[in-house]
Amino acid sequence: MTPESILGTIEVSPRAIASLASEAVLRCYGVVGMVAGTVRDGIAEILQVENSHRGVQVRLSDGQVLIDLYVVIEYGIRISEVAQNVMESVKFAVEKALAMPVAEINVHVQGVRVSADE
């Protein structure tokens, strides 16, 4: 993503955007973790090639930011409410940092974890 300014351009890598999104997701109530979205990402995680942005995929298309999040949610909490909260939190965090709108955020619930207390 390269917004223009009077002095030149500002480049923000998809990896930086993924980092912002990941931090916002992990602060959300009901989210217990993030997982690799694809088999390729899972293999890279096992091989420790790239593990810092597990569960976040960022695409840039026509100046728009599209984010896919792969999360694990705590059992017993309404999934739709957690997912909505995740979307709003990520949208706020990324838009605040970039001063550009996020076009799409997709939350993929990959699992539900039962805590040891139950």
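Residues numbered from 1 in each chain as written. Predicted model: local features only at pLDDT ≥ 70, side-chain atom pairs only at ≥ 80, totals over all residues. Heavy atoms only, no water.

Some remarks on the environment of Val 71
Phase 1: Secondary-structure assignment places Val 71 in strand S3 (residues 64-74).
Phase 2: Expressed as a C-alpha distance, the spacing of Val 71 and Val 56, which sit 15 residues apart in the sequence, is 9.0 Å.
Phase 3: Not counting the four nearest positions on each side in its chain, Val 71 is found in contact with Val 25, Val 31, Gly 33, Met 34, Val 107, His 108, Val 109, Gln 110 and Gly 111. (Helix = DSSP H or I, 4+ residues; strand = E, 2+ residues; numbered from the N terminus. Contact = heavy atoms within 4.5 Å.)

Brief notes about the side chain of Ser 22
Phase 1: Here Ser 22 is to be found in helix H1 (residues 14-26).
Phase 2: Filtering out sequence-adjacent residues up to four positions away, Ser 22 remains in contact with Met 34 and Val 56.

Structural notes on the pairing of strand S4 (residues 102-113)
Phase 1: Pairing analysis gives 10 bridges linking S3 to S4, with the strands arranged parallel. Bridge pairing in S4 links Val 72 to Gly 111. (Pairing = 2+ DSSP bridges.)

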